[in-house]
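# Tertiary structure, described
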Amino acid sequence: MNTRQVDFSGMDVRRSILAVASPMLAAQVLNLLYNIIDRIYIGKLPGEGAVALAGLGLCFPVITMVTAFANLFGQGGAPLCSIARGRQDLAGAQTIMNNACFMLVCTGIVLTVLGILFHRPLLYLFGASDTTYPYASGYMNIYLLGTVFVMLSLGMNPYINSQGFARIGMKTVILGAVINIILDPILIFACGLGVRGAAIATIISQLCSAIWVLHFLTKGRAELKLRFGGFSPDPACIWGITKLGISTFVMSFTNGLVQIVCNSTLQTFGGDLYISVMTVVNSVREVAQTPVMALSDGASPVISYNYGAGQIDLMKRAIRFMTLTCFGYTLGIWGLISAFPEFFIRVFNQDPVLLAKTVPCLHIYFFGFFMMAFQYTGQCVFKSLNKSRQAVFFSLFRKVIIVAPLTLLLPHIGGLGIMGIFLAEPVSNFIGGLACYITMRRTVLSRFTRPEKHITNT
């Protein structure tokens, strides 16, 4: 097991960021495979691929919301851990990690029970029809049984990365992804379980990832270890984690909200076919945005650590490098998707009718995708510096204030119909991305007027 630890205090912040971001990129690409592989296989089920794909798409809000709760205590506590480590407060950092783990397990149990009890009305609320409900229900009920595993593997992995063990964090996801890839064709096709087989493969792989994470954080070479002997929940610590994590939670949770609004509106204007279209478009978006997420996640502990250590010049250099790299990547991937849309679509389904409907939707949805770089950069800085109020506001601003209302409104304007639903995303990218980044520059970075100045009031 390679447990090489990255030193966040080094003068070469680019190398530090890339040392964390590279394995995190590999990890996030593989994590993406959990659901992408499911969609690829399910989209190829003989005679029912398109309908099954729509059913799986209806489960996206549930998957997104489980991820949101994992991020609440994972991404919420990890920057605080890094700041504490920068200040050499290892006891405080360990307290944060222990309380986060406790909340992840408790929340996972509650989500499992509520999700199974109310899955039917939820799925119809999400836009299910009598045709797609059996597929969605078959996947959702099984997936929910593994919620605690998902919470632990996704929620505790940031605490490995925040200590500089990015390669171990990468191996967490590699383990689960490889198992998922192996089990998917066996359970979906060989055992004839269809969407249920995909869900079973997912929860088994997440179980293995969770075991790996817990083993490293209890018996491995981690600097901070999980210790529950004499543990009692610390309300103040949990509240601090929640305050910062709420921004990432809101970002993930509102993604689920937007998916619900989109699916319901698409069901009204286009039926099951366009829910399949949105499933493909969302899949392409997840692939496209993964490197940006990895880079911002890789920069976050470097920014937090140097902020905690008072190394403001290194912190600002890390932010500058992250911004330029994210912008260059998003501009390039937008060009590729615009030039070769059919290539990206055919990865998930080759049905000629679905392909013809998806191409124009993909062009509209990804217009100006490079503006997302500013959203991710601004949110990363707010989160890394423990600016919870700004982070929460801009999470809500883009999705709840812009995307959701436009998704409901635009289809009724100028005969836009279906295209209006897909147009809401690029509009929000321009408005939300610029607003978030400009606010971050003017209200946060402008406070650090000299390299040696360290502002501790958050």
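Another point: the overall build of the protein. Across its full length, the protein carries 17 helices and 0 strands. The C-alpha radius of gyration computed for the protein amounts to 21 Å, which stays within 12% of the reference 23 Å derived for 458 residues, consistent with globular compactness. The buried share of the protein, reckoned over its 458 residues, is 61%. Contacts spanning at least 24 positions in sequence make up 82% of the contacts within the protein whose residues lie at least 6 apart. For the protein, the exposed surface amounts to about 17200 Å²; the carbon and sulfur share of it is 67%. With 32 positive and 17 negative side-chain charges, the protein shows a spacing of 9 Å between the two charge centroids.

The next point concerns helix 8 (residues 166–190). Between its terminal C-alpha atoms helix 8 stretches 36 Å, which fits the 36 Å expected from 25 residues at 1.5 Å a residue. At Leu 183, helix 8 shows its strongest bend, of approximately 30 degrees, with the proline Pro 185 following within four residues. Directly beyond the C-terminal end of helix 8, a positive phi value near 65 degrees is found at Gly 192.

This part is about empty space enclosed by the protein. Scanning all chains against the criterion turns up 3 cavities of 30 Å³ or more. A volume near 140 Å³ is recorded for the second largest cavity. Along the walls of the second largest cavity sit 15 residues, with Val 258, Cys 262, Asn 282, Tyr 365 and Glu 425 positioned nearest its centre. A total of 5 residues in the lining of the second largest cavity trace back to one element, the largest contributor, which is helix 10 (residues 235–269). Among the residues forming the lining of the second largest cavity, the class breakdown is 7 nonpolar, 5 polar and 3 charged.

Turning our attention to helix 10. Along helix 10, the largest kink reaches about 45 degrees and is centred on Gly 245. Its side-chain oxygen 3.1 Å from the backbone nitrogen of Ala 236, Asp 234 forms the N-cap of helix 10. Two residues or fewer past helix 10, Gly 271 is found with a positive phi of approximately 80 degrees.

Here we take up the state of the cysteines. Within this structure, the stated rule accounts for 0 disulfides. No disulfide involves Cys 191; its sulfur sits 17 Å from the nearest other cysteine sulfur, which is in Cys 208. Look at Cys 191 and you get partly exposed, because its relative accessible area is 46%. The structure places no disulfide on Cys 326, whose sulfur is separated from the nearest cysteine sulfur, that of Cys 380, by 8.0 Å. Among the residues examined, Cys 326 registers a relative accessible area of 1% and is labelled buried.

So, on to unusual backbone geometry. The backbone of Gln 88 sits at a positive phi, close to 65 degrees, despite the residue not being glycine. Note that Gln 88 resides in the loop between helix 3 (60–86) and helix 4 (90–117). For Gln 88, a relative accessible area of 57% corresponds to the exposed category. Look at Asn 386: it is not a glycine, yet its phi comes out positive at around 65 degrees.

Residue placement: Ser 137 occurs in helix 6 (residues 133–145). Beyond its immediate chain neighbours, meaning those up to four positions away, Ser 137 contacts His 119 and Leu 123.

The subject of this paragraph is the packing of aromatic side chains. Scanning all chains against the criterion turns up 22 aromatic pairs. A centroid spacing of 5.4 Å and a plane angle of 50 degrees characterise the contact between Trp 334 and Phe 370, whose relative ring orientation is tilted. Of this pair, Trp 334 sits in helix 12 (residues 312–339) while Phe 370 sits in the loop between helix 14 (352–365) and helix 15 (372–384), and the two are 36 residues apart along the sequence. Assessed through its relative accessible area of 16%, Phe 370 is described here as buried. With centroids separated by 5.4 Å and ring planes inclined at 85 degrees, the aromatic side chains of Phe 343 and Phe 344 adopt a geometry described as edge-to-face. For Phe 344, a relative accessible area of 17% translates into the label buried. An aromatic cluster is built from Phe 327, Trp 334, Phe 367, Phe 370, Phe 374, Phe 430 and Tyr 437, whose rings are joined through pairwise contacts. One residue, Arg 120, lies across the ring of Tyr 133, its end atom 4.7 Å from the ring centre.

What follows deals with the layout of surface pockets. Reported here for the largest pocket is a volume of approximately 230 Å³. Taken together, 14 residues line the largest pocket, and the ones lying closest to its centre are Val 62, Met 65, Leu 111, Gly 115 and Leu 122. Among the secondary structure elements, those contributing two or more residues to the lining of the largest pocket are helix 3, helix 4, helix 6 and helix 10. Counting residues per element, the lining of the largest pocket draws most heavily on helix 3, at 4 residues. Its residues assigned to classes, the lining of the largest pocket comprises 13 nonpolar, 1 polar and no charged.

Conventions used here
Residues numbered from 1 in each chain as written. Predicted model: local features only at pLDDT ≥ 70, side-chain atom pairs only at ≥ 80, totals over all residues. Heavy atoms only, no water. Helix = DSSP H or I, 4+ residues; strand = E, 2+ residues; numbered from the N terminus. Rg over C-alpha atoms; globule rule 2.2 N^0.38 Å. Buried < 20%, exposed > 50% of the residue type's maximum accessible area, 1.4 Å probe, protein only. Contact = heavy atoms within 4.5 Å. Areas by Shrake-Rupley, 256 points an atom, 1.4 Å probe, with all protein chains shown as cover. Lys, Arg positive; Asp, Glu negative; His and termini not counted. Charge placed at Lys NZ, Arg CZ, Asp CG, Glu CD. Expected span 1.5 Å × (residues − 1). Bend = angle between axes of the 7 residues up to and from the residue. 1 Å grid on protein atoms, 1.4 Å probe; cavity = no way out; pocket = protein on both sides within 12 Å on 5 of 7 lines; lining within 4 Å. Points joined across faces, edges and corners; volume = space filled by probe spheres on them. Nonpolar A, V, L, I, M, F, W, Y, C, P; charged D, E, K, R; others polar. Polar contact = N/O pair within 3.5 Å; in protein donor to acceptor, adjacent residues only side chain to side chain. Disulfide = S-S within 2.5 Å. Phe/Tyr/Trp six-rings, centres within 6.5 Å; stacked < 30°, edge-to-face > 60°. Lys NZ or Arg CZ within 6 Å of the ring centre and 35° of its normal.

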